[in-house]
Amino acid sequence: QVQLVESGGGLVEAGGSLRLSCVASRSILSLKHMGWYRQAPGNERELVASLSSNVFTNYADSVKGRFTISRDNAKNTLYLQMNSLKPEDTAVYYCRAVYESTLYWGQGTQVTVSS
């Protein structure tokens, strides 16, 4: 089993920055298909950014050039650096990972961007 714990959310003004963290309960090297998703009220959960094989990144068009996904293997932590935040980025952000063919989600962290 894997526990994923997100942190770093909060309230920020438009144009500001936040860095989200997702700490895994086991070695991040054993996890696959790690990524960040978000869900706004009334919307479906959507991909924000993913990191595969510790090399390949994929971003939603809406965040390209503003968000950066990265990981620190020594700290078993996945990050999402979010710059130039917009009100439409407001959502609950979730970390996800696959371990031994099972998908795991964190509990989510709220990001609110005021205009």
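Residues numbered from 1 in each chain as written. Predicted model: local features only at pLDDT ≥ 70, side-chain atom pairs only at ≥ 80, totals over all residues. Heavy atoms only, no water.

Participant: Quick rundown of the pairing of strand S11 (residues 109-114)? Include the residues and the values.
Facilitator: Here S11 shows one buried face, formed by Thr109, Val111 and Val113, and one open face, formed by Gln110, Thr112 and Ser114. In this sheet, S11 lies alongside strand S2 (residues 10-13) in parallel orientation, the contact comprising four bridges. When the sheet's bridge partners are listed, Val12 is paired in S11 with Val113. When strand S9 (residues 91-99) meets S11, the two strands line up antiparallel, connected through three bridges. For Ala91, the partnering residue across the bridge sits in S11 and is Val111. (Buried < 20%, exposed > 50% of the residue type's maximum accessible area, 1.4 Å probe, protein only. Helix = DSSP H or I, 4+ residues; strand = E, 2+ residues; numbered from the N terminus. Pairing = 2+ DSSP bridges.)

Participant: Now, about the sheet that holds strand S1 (residues 4-7): what can you tell me, with residues and values included?
Facilitator: The strand order across the open sheet built from four strands is S1-S3-S8-S7, with neighbouring strands paired in antiparallel fashion. Each having just a single partner strand, S1 and strand S7 (67-72) make up the two edges of the open sheet. Each neighbouring strand pair of the sheet contributes to a mean axis angle of 15°, computed without reference to strand direction. Looking at chain direction, S1 and strand S3 (residues 18-24) are connected through four bridges and run antiparallel. By the bridge assignment for S3, Ser7 is matched with Ser21. (Axes fitted to C-alpha atoms, helices over the stretch in contact; angles between N-to-C directions.)

Participant: Kindly report on the side chain of Asp89, identifying the contributing residues and their values.
Facilitator: Structurally, Asp89 can be placed in the loop between strand S8 (77-82) and S9. Exposure remark for Asp89: the relative accessible area of 1% places this residue in the buried category. A distance of 2.8 Å separates a polar atom in the side chain of Asp89 from the backbone nitrogen of Lys86. Not counting residues up to four positions away in its chain, the partners in contact with Asp89 are Arg38, Arg66, Phe67, Ser84, Val111 and Val113. (Polar contact = N/O pair within 3.5 Å; in protein donor to acceptor, adjacent residues only side chain to side chain. Contact = heavy atoms within 4.5 Å.)

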